[in-house]
Amino acid sequence: MPAESDVSAFSHSVAAIGYLLLAGLLIFRRPQSPADWWLVGASLATALWAVLVVLVPAVRPELTVLVSIAETLRSATWAIFAAVLVISNWQDTAHNPSRSVLIALAVVVALQMAGDVWSLARGAAVPEWLQYFFTMGRLAVAIGGLVLTHNVYVNSAPSNRWSIRLLCIALAGIFAYDLNLYTLFLLDRTMGPDLVEVRGLVNALVLPLIYLSAARNRGLRLQVSRQAAFHTLSLGAIGLYLVLMSLAGYGLRLVGGDWGRLLQISFIFAAAVLAAVILFSGRARAWLRVQINKHFFAYKYDYRQEWLRFVNTVSSSGPGLGALHVRVVQAACEPVDSPGGALFIAGEDDSFAHLARWNYRTLLPGHIEGAARLKAHFEASGRILDIEEHRAGTGAVRLPQWLIEDPQAWLLVPLIHIDEAIGFILIERPLTQRELNWEDFDILRTVGRQAASYVAEAAALAKIAESRKFDEFNRRFAFIMHDLKNLVSQLSLVARNAERHADNPEFRADMIATLQSSVAKMNDLLARLSQQSVQGGASADTFDVGHAVASVATAARRSWPEIAVEGDAETVTAKGAADRFEQVLTHLVQNAVDASAPGSPVTIAVEPGDIVRVHVRDRGRGMSADFIRDELFAPFKSTKSGGFGIGAFEAREMTREMGGKLLVESEPGVGSCFTIELPAAAARQEANRREG
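Residues numbered from 1 in each chain as written. Predicted model: local features only at pLDDT ≥ 70, side-chain atom pairs only at ≥ 80, totals over all residues. Heavy atoms only, no water.

A. Broad picture of the overall build of the protein. When you go through the protein residue by residue, the secondary structure sums to 24 helices and 13 strands. Taking all 692 residues of the protein together, the buried fraction comes to 43%. Sequence separation of 24 or more characterises 70% of the internal contacts of the protein that already satisfy a separation of 6 or more. (Helix = DSSP H or I, 4+ residues; strand = E, 2+ residues; numbered from the N terminus. Buried < 20%, exposed > 50% of the residue type's maximum accessible area, 1.4 Å probe, protein only. Contact = heavy atoms within 4.5 Å.)

B. Region of interest: the pairing of strand 5 (residues 409–417). Of all nine residues that make up strand 5, eight are buried, and the element is covered over most of its length. In terms of strand pairing, strand 4 (residues 385–386) meets strand 5 through two bridges, oriented antiparallel. Each residue of the ladder has a partner; that of D386, found in strand 5, is L411. Across eight bridges, strand 5 lies against strand 6 (residues 420–428) in antiparallel orientation. (Pairing = 2+ DSSP bridges.)

C. Main features of the packing of helix 21 (residues 578–595) against helix 23 (residues 647–657). As a packed pair, helix 21 and helix 23 sit with axes 9 Å apart at the nearest point and diverge in direction by 150°. Judged by the angle between their axes, helix 21 and helix 23 are roughly antiparallel. Taken as a pair, helix 21 and helix 23 cross one another with a handedness that is left-handed. From helix 21, R580, Q583, V584 and H587 reach across to helix 23, where they touch G647, A648, E650, A651, M654, T655 and E657. Classifying every residue of the contact of helix 21 with helix 23 gives four nonpolar, four polar and three charged. (Axes fitted to C-alpha atoms, helices over the stretch in contact; angles between N-to-C directions. Parallel < 35°, antiparallel > 145°, perpendicular 65-115°, else oblique. Left-handed = near helix turned anticlockwise from the far one by under 90°. Nonpolar A, V, L, I, M, F, W, Y, C, P; charged D, E, K, R; others polar.)

D. Helix 21, seen in detail. Along its 18 residues, helix 21 runs 26 Å from first to last C-alpha, staying within 8% of the 26 Å computed at 1.5 Å per residue. Within the span of helix 21, buried status applies to R580, F581, Q583, V584, L585, H587, L588, V589, N591, A592, V593 and A595. (Expected span 1.5 Å × (residues − 1).)

E. How the structure looks around the pairing of strand 12 (residues 661–667). As judged from the seven bridges shared by strand 12 and strand 13 (residues 671–679), these two strands associate in the antiparallel manner. Within strand 13, the position partnered with V664 by the bridge is F674. Counted between consecutive antiparallel strands, the loop separating strand 12 from strand 13 contains three residues, among which G669 sits at a positive phi close to 80°.

F. Molecular detail of empty space enclosed by the protein. Counted according to the given criterion, the structure contains two cavities of 30 Å³ or more. In this structure, the largest cavity spans a volume of roughly 60 Å³. Along its surface, the largest cavity is lined by E71, T72, S75, Q112, R138, V141, A142, D178 and Y182. Secondary-structure elements contributing two or more residues to the lining of the largest cavity are helix 3 (65–87), helix 5 (128–155) and helix 6 (161–187). Taken together, the residues of the lining of the largest cavity break down into three nonpolar, three polar and three charged. Roughly 40 Å³ of volume is contained in the second largest cavity. Looking at the second largest cavity, the residues that line it are W410, R429, P430, T432, Q433 and R434. For the lining of the second largest cavity, the residue count by class is two nonpolar, two polar and two charged. (1 Å grid on protein atoms, 1.4 Å probe; cavity = no way out; pocket = protein on both sides within 12 Å on 5 of 7 lines; lining within 4 Å. Points joined across faces, edges and corners; volume = space filled by probe spheres on them.)

G. A look at the nonpolar core. With 42 residues, the main nonpolar core has Y19, L39, W78, F81, L167, L171 and I210 as its most contacted residues. Counting only elements with at least two residues in this core, the list comes to helix 1 (4–28), helix 2 (34–59), helix 3, helix 4 (97–122), helix 5, helix 6 and helix 9 (207–216). The contact partners of L167, leaving out residues within four places of it in the chain, are F81, L85, L209, I210 and S213. Residues F543, V552, V572 and V584 belong to the second largest nonpolar core, which totals 37 residues. (Core = buried A, V, L, I, M, F, W, Y, C linked by side-chain atoms within 4.5 Å.)

H. Molecular detail of the sheet that holds strand 2 (residues 351–358). Taken together, six strands build an open sheet; the order of strands is 3-2-1-6-5-4 and the sheet is antiparallel. Two strands close off the open sheet at either side, each with one partner strand: strand 3 (367–369) and strand 4. Here strand 1 (residues 341–346) pairs with strand 6 via five bridges, running antiparallel. Pairing of A342 across the sheet is with L426, part of strand 6. The strands touched by helix 14 (residues 324–333) are strand 1, strand 2 and strand 6; relative to strand 2, the strand with the most contacts, the crossing angle is about 80°.

I. View of the pattern of salt bridges. What the rule picks out here adds up to 15 salt bridges. The partner of E653 in a salt bridge is R652, with the nearest N and O atoms 3.6 Å apart. Across the pair E653 and R656 runs a salt bridge, and its minimum N-O distance is 3.5 Å. In this pair, E653 and R656 both sit in helix 23, three residues apart, roughly one turn of the helix. (Salt bridge = Lys/Arg side-chain N within 4 Å of Asp/Glu carboxyl O.)

J. Representation of the side chain of T77 in the model. With respect to the helices and strands, the residue T77 is situated in helix 3. Overall, the relative accessible area of 13% leaves T77 in the buried class. Those residues in contact with T77 that sit more than four places away from it in its chain are W38, A42 and A45.

K. Up close: the confidence of the model for the protein. Averaged over all residues, the pLDDT of the protein is 75; the fraction at 70 or higher stands at 71%. Under a pLDDT of 50 for its full length, residues 219–226 has, in the predicted model, 34 contacts with residues more than four places off or in other chains. Below pLDDT 50 for its whole length, residues 683–692 participates in three contacts with residues either more than four positions away or in separate chains. (pLDDT = per-residue confidence, 0-100.)

L. How the structure looks around the sheet that holds strand 10 (residues 602–607). Taken in spatial order, the five strands make up an open sheet running 8-10-11-13-12, and their pairing is mixed. Two strands lie at the open edges of the sheet, namely strand 8 (563–566) and strand 12, each paired on one side alone. Taken over all neighbouring pairs, the strand axes of this sheet differ in orientation by 15° on average, direction set aside. Where strand 8 and strand 10 come together, four bridges link them in parallel fashion. Looking at the pairing, E566 lines up with A605 of strand 10.

M. Broad picture of the packing of aromatic side chains. Summed over all chains, the structure comprises nine aromatic pairs. Between W307 and F310 the ring centres are 6.1 Å apart and the planes differ by 15°, which places this aromatic pair in the stacked class. A residue pair is termed a helical-turn pair when its members lie 3 or 4 positions apart in one helix, as W307 and F310 do in helix 13 (residues 303–315) at three residues. Taking the centre distance of 5.1 Å and the plane angle of 15° together, the rings of F344 and F424 count as stacked. In this pair, F344 sits in strand 1 while F424 sits in strand 6, placing the two residues 80 residues apart along the sequence. One aromatic cluster in this structure is built from F344, F352, F378, W402 and F424. The aromatic ring of W49 is capped on one face by R74, whose charged end is 4.8 Å from the ring centroid. (Phe/Tyr/Trp six-rings, centres within 6.5 Å; stacked < 30°, edge-to-face > 60°. Lys NZ or Arg CZ within 6 Å of the ring centre and 35° of its normal.)

N. Spatial organisation of unusual backbone geometry. Even without being glycine, I418 reaches a positive phi, approximately 50°. Relative to the elements of secondary structure, I418 occurs in the loop between strand 5 and strand 6. The class for I418 is exposed, based on a relative accessible area of 69%. Its identity as a non-glycine residue notwithstanding, D419 has a phi of 65°, on the positive side. Counting through the fold element by element, D419 comes out in the loop between strand 5 and strand 6.

Below you can see the structure in the form of structure tokens.
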């Protein structure tokens, strides 16, 4: 097994050869841009560092400081290469977060070089305290390199990311390995000797990625975004925090003994917990966004990102996301980093009604009275109202006293839809102080108009749904009126016959049965007016077809004795509701009677099978094909005097609700045949048994 020095020599020899070959290939390709030349320089610096790691310990061990200088140059050139990729596309060098990172890295590298040169001039070993600060500097360079690599990828145009992805992976691998190595050194300098020896081989492993990316890429196009700025400053702040905490930990270790070790470990853990708290703090993130927009960009907002975020917030639905009105409030609060808000909608009277809230912490009233003046102000100016101005007595319109006294209330964003103020959004004061300018008011005014369209659309859809409920109720009521007309006709016939046959016991019994049947049907009609009676799709009930046909035929024979029943319907059951089937069949029989001459037969025939068919035939006037197609099932068209014209339409709709069909065959002067088709219950049950 080779010794550790042999492993280190082999590892770094591979790196030296590999990066020399890479530099030669890049030069052969004739570099065309500053980034290409810096890539050549970074490859040569890495090769020089690897050569010195191999030669210095074997030839001149007292010159180990040369290895430190070479490593500083190696890390610096890779970081500069990443920075150049971003710098070449800066639109405003004074307002770019990568510029700050690069300046900080330049200071760190200069200090390291000065320390190395000082040690070389003294001809003595580097003091332990200086080695510790060297380690801190290398850790800072690794963090800065990762930040710059992140910016290269985030700012690259989407069409170019396929070519830059491998390069970013390679750079991230180099800097992440250094970050891990020097973090271990900060905790304990005796840790990680194996990581040092294989470092050259690790750097060599990313060579194919760098070359493939260089071969793919011919001129990068980058674009600086607020997201990149936020991540840059966040990562930079985290790196600075780690460096400062490491310095403090080093100071605690100087206490010595077990207590020094205990204090160091406890301090590092507490610092990590504090960093996590700050990292996830909404106030800290809001403050950082404000500072970025204020100092790094000429405009406060990335309007494309704000628009996409607004649409995504409003359109996203599901558990935990809230109703539409809640999402509208959230979308209006997000551009100004507000933690909450509330939605008020104008009512028909002189008031605004509280409709929804999102994280608003103060108790809100249900209504705001006297809103005509506020509504008129919104419609006339469309301006955002800053409540702080009204607290100072300089407001343009009088606001409710509770709104001025609420310390969380900040802005009123009017919801203008087609020049009408349909409400407003009350926005809570943000977690961090921010100054409002024309950009804030413009984006909030735009958000308010877009939010108003969503609110108005939701209100329109609610009205449409309500209108549909009334339409459904009116349709059912029209059906019931038609059925009541038939019942009234039946009861009128009973009343007329009672004057002549009241003394007849058979008539009295028949009259009582008719009255009981009529009362039962009226109760069914009243039940059909309730919302619960609305059914969609086929019914899950079954009924005895023969019993239902016999009941309808018996009732019809009281006024038309020529009713005949054909077919074996004793064992036939069908899918559907018995009362609805009887109602449909009664209507068809009554229509057949009305169309027939006195004494003409009307036949009810039952045809069993997988589809149960019930035919109602007459020898009446008949109907033309045009009448069947254009008028028979058209609601509110009737050929009868005083008719409602919805009987056939109702019969067809009720048959469909049971999962069946209503068919018609007719010929003028010959007669008509109406056929009810329903799925047989027995056939369904047998099919289910076979499938089981």
